[in-house]
Amino acid sequence: MPSRTPGDAPARLPAIQLSATDHALLSTLVGESEAHGVAGLLQQELDRARVDHSGRSLHTVGLNRWVHYVDDRGGGPRRVKIVPPSEADIDRGLISPLSHVGAGLLGLGAGQSIRWPDPSGRMRKLTAVLIEDDDAMV
């Protein structure tokens, strides 16, 4: 689970949900062997995610969906889309699931928050504010 800094109370992780398709693609991305760093965090999230096999559109953060989120470190709402690593382009708001923010947001529903490490290991709170429909205009 995400690490915590000394003195932090253990944080309860929010329930997360991924489509079966996203779960399979992300599982392939992190592979079978024990991963470290962000890949290890993503692997742990995949292990605890509820996988939806219904084929319905979920109202959670998934691959190729735009999400508006806030970081408790300020800066106002941001809008990003989590895409395969080869398509990531931070200038266009396209981030990898192997980025700290991408891995932390996956599976969250609107209004859900997670305490998640940044690249330095410090904890921050990420909150999904709005998840755009698959066919929303961008």
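Residues numbered from 1 in each chain as written. Predicted model: local features only at pLDDT ≥ 70, side-chain atom pairs only at ≥ 80, totals over all residues. Heavy atoms only, no water.

## Things to note about the overall build of the protein chain
Okay, step 1: Summing up its helical and strand segments, the protein chain has three helices and seven strands in all.
Okay, step 2: Tracing the protein chain from N to C terminus, the helices and strands come up as β-α-α-β-β-β-β-α-β-β.
Okay, step 3: The 138 residues of the protein chain split such that 42% are buried.
Okay, step 4: Counted over contacts in the protein chain with a minimum sequence separation of 6, partners at least 24 positions apart contribute 56%. (Helix = DSSP H or I, 4+ residues; strand = E, 2+ residues; numbered from the N terminus. Buried < 20%, exposed > 50% of the residue type's maximum accessible area, 1.4 Å probe, protein only. Contact = heavy atoms within 4.5 Å.)

## What about helix α2 (residues 37-48)?
It helps to recall that an α-helix has 3.6 residues per turn; residues three or four apart then point in one direction.
Okay, step 1: Relative to the 16 Å expected for 12 residues at 1.5 Å per residue, α2 spans 17 Å between its end C-alpha atoms, a close match to the ideal helical length.
Okay, step 2: Those residues of α2 that fall on the buried side of the exposure criterion are V38, G40, L41, L42, Q43, E45 and L46.
Okay, step 3: As for α2, its buried residues are in contact with β1 (17-19), α1 (20-30), α3 (100-105) and β6 (113-117). (Expected span 1.5 Å × (residues − 1).)

## A word on the confidence of the model for the protein chain
Okay, step 1: Taken over all residues, the pLDDT of the protein chain has a mean of 87, while the share at 70 or more is 87%.
Okay, step 2: Low pLDDT (under 50) marks residues 3-10, which in the prediction has nine contacts with non-local residues, meaning those over four places away or in another chain. (pLDDT = per-residue confidence, 0-100.)

## Focus on the packing of aromatic side chains
Okay, step 1: By the definition in use, this model includes zero aromatic pairs.
Okay, step 2: The side chain of R79 reaches across the aromatic face of W66, ending 3.9 Å from its centre. (Phe/Tyr/Trp six-rings, centres within 6.5 Å; stacked < 30°, edge-to-face > 60°. Lys NZ or Arg CZ within 6 Å of the ring centre and 35° of its normal.)

## Notes on the environment of V80
Okay, step 1: As for its position among the elements, V80 is in strand β4 (residues 78-82).
Okay, step 2: Considered as a pair, V80 and V67 are 13 residues apart in the sequence and their alpha carbons are 5.5 Å apart.
Okay, step 3: Beyond its immediate chain neighbours, meaning those up to four positions away, V80 contacts R65, W66, V67, Y69, G93, I95 and L105.

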